[in-house]
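Structural features, examined
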Amino acid sequence: PQTETIFFADDDFILNAQRCLEVCRGIVEAKGEGKLPPSLSFIANTRLNNLTPDLLSAMEEAGWRIILCGVESFSPRLLVEYEKKYKIEAVHSTLEYLLRTQIHPYLTIILFSPECTMDDVVVNVQECIRYALRGAGLGIYPYVMPLPGCRMIEREGMEIERLRVPIPGTDRSIEKVRRLLPRDPVVRELLYQMDRSLEERQEELGRRYHIAHFSSRLYSLLFLHVICETLDLKDQLKDIEYLLTKA
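First, a word on what this report is: a plain description of the structure on this page.

Conventions and cut-offs
Residues numbered from 1 in each chain as written. Predicted model: local features only at pLDDT ≥ 70, side-chain atom pairs only at ≥ 80, totals over all residues. Heavy atoms only, no water. Helix = DSSP H or I, 4+ residues; strand = E, 2+ residues; numbered from the N terminus. Buried < 20%, exposed > 50% of the residue type's maximum accessible area, 1.4 Å probe, protein only. Contact = heavy atoms within 4.5 Å. Areas by Shrake-Rupley, 256 points an atom, 1.4 Å probe, with all protein chains shown as cover. Pairing = 2+ DSSP bridges. Axes fitted to C-alpha atoms, helices over the stretch in contact; angles between N-to-C directions. Parallel < 35°, antiparallel > 145°, perpendicular 65-115°, else oblique. Left-handed = near helix turned anticlockwise from the far one by under 90°. Nonpolar A, V, L, I, M, F, W, Y, C, P; charged D, E, K, R; others polar. Expected span 1.5 Å × (residues − 1). Lys, Arg positive; Asp, Glu negative; His and termini not counted. Salt bridge = Lys/Arg side-chain N within 4 Å of Asp/Glu carboxyl O. Polar contact = N/O pair within 3.5 Å; in protein donor to acceptor, adjacent residues only side chain to side chain.

1. Notes on the overall build of the protein
Looking only at helices and strands, one finds 8 helices and 7 strands in the protein. Dimensions of the protein, computed from the C-alpha atoms along their principal axes, are close to 60 × 45 × 40 Å. Scored against the burial criterion, the 247 residues of the protein give a buried share of 47%. A fraction of 67% describes how many contacts in the protein between residues 6 or more apart in sequence connect residues 24 or more apart. In the structure as shown, the protein presents an accessible area of about 13,500 Å², 52% of it carried by carbon and sulfur atoms.

Written as structure tokens, this is what we have:
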């Protein structure tokens, strides 16, 4: 009875649209019969291209509070690199519809991909800030961290940064892939610059904005702050500082 929110730990809750609709109808019915509290809310992951107006309406009626969407990039070029099966226009149109509901979108973005250029970085920064100002949450990953089976790592010419991880209680270690590096030397240097300055900037911003704990959303704003500062994007830096005051 103390439960306020249920998180569906499914990689893509809306992969089966009919099942999603049936779950939503069941929730509405259970709330109407008093079997579930009316205030009970829900969170789920999905691919952005699976969201339709009908599904969003059903989820909103059932009490969905947050939808986590894997946008990955606002650059059309990088959507192709990530083998996304939709156009950038579909990303924006779906987000526009989602922002008109009572459901809070949480967008996951990768800043530095192997093929990204500085133009791609700037596009991602600008669009992330634009949507954050409209109320979207951000979960930004600074680089590609490939999981086992990721096809991207097998592409020709991929530059991979690895690290050795000691095995506790033994004198052995294992080698892990840490990240895929950008090919563009200017973009790569920006990534390294972020590596070097991130901890110091986190301490400084924590003091300035009285942030005791950096959540994923605040880390995302921290990443954007470092990039805007490094690239001297003054207007965007002001927006980030405004968002930090509202944290």
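Following the structure, the description resumes.
2. Focus on the sheet that holds strand E2 (residues 41-46)
Read from one edge to the other, the open sheet built from 5 strands follows the order E1-E2-E3-E4-E5, with strand pairing classed as parallel. This sheet does not close on itself; its edge strands, each paired only once, are strand E1 (5-8) and strand E5 (137-143). Mean inter-strand twist for the sheet, computed between neighbouring axes without regard to direction, equals 15°. Of the strands in this sheet, strand E4 (104-112) and E5 touch helix H7 (residues 216-230), which is tilted by about 55° from E5.

3. A word on the environment of Leu79
Residue position: Leu79 is located in helix H3 (residues 76-81). It is 18 Å that separates the C-alpha atoms of Leu79 and Val187, two residues lying 108 residues apart in sequence. Leaving out residues up to four positions away in the same chain, Leu79 has contacts with Val71, Ser73, Lys84, Tyr86, Lys87, Ile88 and Val91.

4. What to know about the packing of helix H5 (residues 118-133) against H7
To describe two helices that pack against each other, one gives the angle between their axes and the distance between the axes. Their axes nearest at 11 Å, the elements H5 and H7 cross at an angle of 130°. Our classification of the angle between H5 and H7 gives oblique. For the element pair H5 and H7, the recorded crossing hand is left-handed. Where H5 abuts H7, its residues Val121, Val125, Cys128 and Ile129 lie against Leu224, Ile227 and Cys228. The residue inventory of the contact of H5 with H7, partitioned by class, reads 7 nonpolar, no polar and no charged.

5. Some points on unusual backbone geometry
For Glu83, which is not glycine, the phi torsion reads 60° and is therefore positive. Positionally, Glu83 belongs in the loop between H3 and helix H4 (88-99). Look at Glu83 and you get partly exposed, because its relative accessible area is 34%. Backbone geometry places Asp232, a non-glycine residue, at a positive phi of 60°. With respect to the helices, strands and loops of the structure, Asp232 is situated in the loop between H7 and helix H8 (234-245). The exposure class of Asp232 is partly exposed, given its relative accessible area of 48%.

6. Quick word on H5
What sets the pattern is the α-helix's 3.6 residues per turn: residues three or four places apart point alike. Over its 16 residues, H5 extends 23 Å from the first C-alpha to the last, a length consistent with the 22 Å expected when each residue adds 1.5 Å. Buried residues of H5: Met118, Asp120, Val121, Asn124, Val125, Glu127, Cys128, Ile129, Tyr131 and Ala132, and no others. After H5 finishes, the residue Gly135 shows a positive phi value of roughly 110°.

7. Things to note about the side chain of Asp12
Residue position: Asp12 is located in the loop between E1 and helix H1 (17-32). Here Asp12 sits buried without a salt bridge, and the closest side chain of opposite charge, Arg47, lies 4.8 Å off (N-O distance). There is a polar contact of 2.6 Å between the side chain of Asp12 and the side chain of Asn50.

Remember that the coordinates give geometry; whether it matters functionally is a separate question.
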